[in-house]
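Each chain is listed here by its residues.
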Amino acid sequence: MNIKEIAKLAGVSTSTVSKIMNQKDSSISSETRERVLKIVKEYHYTPYASASVPTQKTWVLGILLRSSISFDSTLDGIIKTAQANGYSTILCNSCSSLEQELKNITALCKNHVDGIIWEPANEQSLSLSCHIQEKEIPFLTIGPFGGANSLQLPYQSLGYQITKELISRKHTNIACLLTEGRRIHAFLSGYKECLFDNYLKLDESLIFHKLDETLIYKINTHQISGIISSHYLKALEFYQLMNTLHYRIPEDFSLISLKNDTLEAPTIPELSTYTVSNTEFGTYLCQKLISCIEKSSKHLPSFSQAFQLDNESSIGMPFNLNTPKIVVVGSINMDTYLHVSQLPDTGKTVSTSTSSVYPGGKGINQAIGASKLGQHVALIGNVGSDLDSDNIYRALQEYGVDTYGIKRCFHLDTGKAYIFVESGGHSMISILAGANNIFTPEDIREKEHLFENTGYCLIQSEIPVETVQEACKIAHKYQVKTILKPSACSYFPSELLSNVDIIIPNEDELNVLCPNKTSMEERAKSLMEHGIKTVIITLGERGCYVKTKEWEEYFPAVPFISVDSTGASDAFISALASYLLYGYTLKEAIKIATYAAGFCISREGVVPSLIDRNSLESYIRQKEVNLLH
């Protein structure tokens, strides 16, 4: 720093600076004098300093960082190596400020350090290197703003490697959790590069800088199967958060993180990590600088570190490959809700002042219901080639339902349902089948591969009966248990019923199926004679009646205020299948399903009222703490 630069910073002439430094400043205002002296002090200016270059070594190294955050172990490596070689150190922190950085550089130059390890604060920092070069002080740059010769830990390679670790386990929906710091840009580049090299599309919505509801929602709906984290503490915080929400790792999703070589936090629970040896990097930096200072003839190779996975505690196969899924076969509609004071009757006209439209049909309802409860779900069905079909695909994607089994039928409309709902919550439904009407057994056979690794198949009869029969037949071929909702159908052949494990009619549907029996219990027994193992008869606000070969029992409904009862059975069935698949007994799953049905009737519309797993279990814990495992 010379007198011209000091004058420029102070906004005065060089002669003014000279007079002040030589105490010949009687004609200069005290305000100007104080301003100049403040700058002189801050920048460690000494008259004629630029002309004096020491010839003797001081055995002092300067370390100039833009921030000391997460740099402890690197500093440890630098300082230990310096001391081992007879050097002491001066540490400066620019706090990412260009102004403070210049002050620190002048301080180090004034102290005649033998060399500097410099982490530039930003893109403009390298313009300050002239002050170091004037003193002929050797220096190394590190970090993202250090220019072409900057030395850095291979964070891009590490981001690539831990992304590849999940891809090798068949993950395709991989999120990236970032914490602000030195490594973030290189780490993110490695993540993106790995996705590109493995033909996976980059989804910017899967890059997160904080833990929020969107991240949790995407995990809950299986839009994310694995997460990589740039920093261990953030990964640990996320692990603990998801644990409190009763997610299982790695069963529900995989988590892998970078970790510094210093102990950042307790290692319980243990996370899958790659350990970064910052200490080794600090040692390498100091050795390289000393070699330059002492003009050693010994060649120092580029920094390298062997990285490997420390453990596999929190990573596994994706959810859909790790656990059996649920396949839903059924109708796909757009539902139009019409709110009326009373339900239509013969010869009467009813008017409505409000209406609303949602994706619906029992196929969609049950698929989304099971997905919101944490299951991997595939839906098989037909839609038309109209705008409604596009809305349905978007809705299913939003809730994480696999749509590979959905067929778009050209020159046909998507099915429609018109639902009249009166103020007490009771409803009446009229269906325009559309593409559902040409849902054939061949369509099921074409999607047969979807029944692999499946636990339960949920089927409804708002589609042709021969298609229902084929679905039951193929499900049993793959040892998949079937649950049938016998809606909108008055007759089922015995061959079909023999392939049904659980049938769930309401009282009206039961009366249609078994018209020759007088009591509900006799009708349930009659259905079991066809080979059905479990009959569950839903009774609305009275709960349900269950009959198996071993036992029969009435289960009361959970009291909820009824707003719209349309989707109660769909909520019940999706919860029943989900919790049976989670390993609950039939009685336990039925009790849980009654809560799901209660939540559903308390809100308008089926899809918007289907409860998610976290909300459902949080409520149940308040009412029946011992019901959940």
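In case you missed it, the structure is sitting above this.
Let me begin by describing the structure that accompanies this report. None of these values were measured; they are calculated from a predicted model.

A word on helix 2 (residues 14–21)
Link 1 in the chain: Along helix 2, the residues that are buried comprise Thr16, Val17 and Ile20. For helix 2, the buried positions fall inside an angular range of 100° around the axis, keeping them on one side.
Link 2 in the chain: In this fold, the buried residues of helix 2 make contact with helix 1 (3–10) and helix 3 (30–42).
Link 3 in the chain: With its phi angle positive at about 55°, Gln23 sits one or two positions after the end of helix 2.

Focus: the sheet that holds strand 5 (residues 174–177)
Link 1 in the chain: The strand order across the open sheet formed by 5 strands is 6-5-7-8-9, and the pairing between neighbours is parallel. Strand pairing shows two members of the sheet lacking a second neighbour, strand 6 (207–208) and strand 9 (272–276), which therefore form its edges.
Link 2 in the chain: Strand direction decides the pairing type here: strand 7 (residues 226–229) and strand 8 (residues 254–260), joined by 4 bridges, are parallel. The residue bridging Gly226 from the neighbouring strand is Ser254, located in strand 8.
Link 3 in the chain: Relative to the sheet, helix 8 (residues 184–197) contacts strand 5, strand 6, strand 7 and strand 8, its axis offset from that of strand 5 by approximately 175°.

What to know about helix 5 (residues 98–110)
Link 1 in the chain: A rise of 1.5 Å per residue sets the reference length of helix 5, with its 13 residues, at 18 Å; its end C-alpha atoms lie 18 Å apart and thus fit the reference within 8%.
Link 2 in the chain: Buried within helix 5 are the following residues: Glu101, Leu102, Lys103, Asn104, Ile105, Thr106, Ala107, Leu108 and Cys109.
Link 3 in the chain: Of the surrounding elements, those touching the buried residues of helix 5 are helix 3, strand 1 (60–65), strand 2 (88–93), strand 3 (115–118) and helix 6 (129–134).
Link 4 in the chain: Looking one or two residues past helix 5, His112 carries a phi angle of roughly 55°, positive in sign.

Points about the environment of Ala435
Link 1 in the chain: Within the element layout of this structure, Ala435 appears in the loop between strand 16 (427–432) and helix 15 (441–446).
Link 2 in the chain: The class of Ala435 is buried, set by a relative accessible area of 0%.
Link 3 in the chain: In sequence terms Ala435 and Leu206 are 229 residues apart; their C-alpha atoms lie 34 Å from each other.
Link 4 in the chain: Every residue in contact with Ala435, bar those within four places of it in the chain, is listed here: Asn382, Val383, Gly384, Cys409, Leu412, Asp413 and Gly415.

Re empty space enclosed by the protein
To locate leftover empty space, one rolls a probe as large as a water molecule over the atoms.
Link 1 in the chain: Taken as a whole and judged by the stated rule, the model has 2 cavities of 30 Å³ or more.
Link 2 in the chain: The calculated volume of the largest cavity comes to roughly 70 Å³.
Link 3 in the chain: What lines the largest cavity is Ile219, Asn220, His222, Tyr247, Asp252, Phe319, Gly374, Tyr582 and Arg613.
Link 4 in the chain: Looking at the lining of the largest cavity residue by residue, the class counts come to 4 nonpolar, 3 polar and 2 charged.
Link 5 in the chain: One number sums up the size of the second largest cavity: a volume of about 40 Å³.
Link 6 in the chain: Forming the boundary of the second largest cavity are Asn220, Leu245, His246, Tyr247, Arg613 and Asn614.

What counts, and at which threshold
Residues numbered from 1 in each chain as written. Predicted model: local features only at pLDDT ≥ 70, side-chain atom pairs only at ≥ 80, totals over all residues. Heavy atoms only, no water. Buried < 20%, exposed > 50% of the residue type's maximum accessible area, 1.4 Å probe, protein only. Helix = DSSP H or I, 4+ residues; strand = E, 2+ residues; numbered from the N terminus. Arc of directions from axis to C-beta. Contact = heavy atoms within 4.5 Å. Pairing = 2+ DSSP bridges. Axes fitted to C-alpha atoms, helices over the stretch in contact; angles between N-to-C directions. Expected span 1.5 Å × (residues − 1). 1 Å grid on protein atoms, 1.4 Å probe; cavity = no way out; pocket = protein on both sides within 12 Å on 5 of 7 lines; lining within 4 Å. Points joined across faces, edges and corners; volume = space filled by probe spheres on them. Nonpolar A, V, L, I, M, F, W, Y, C, P; charged D, E, K, R; others polar.

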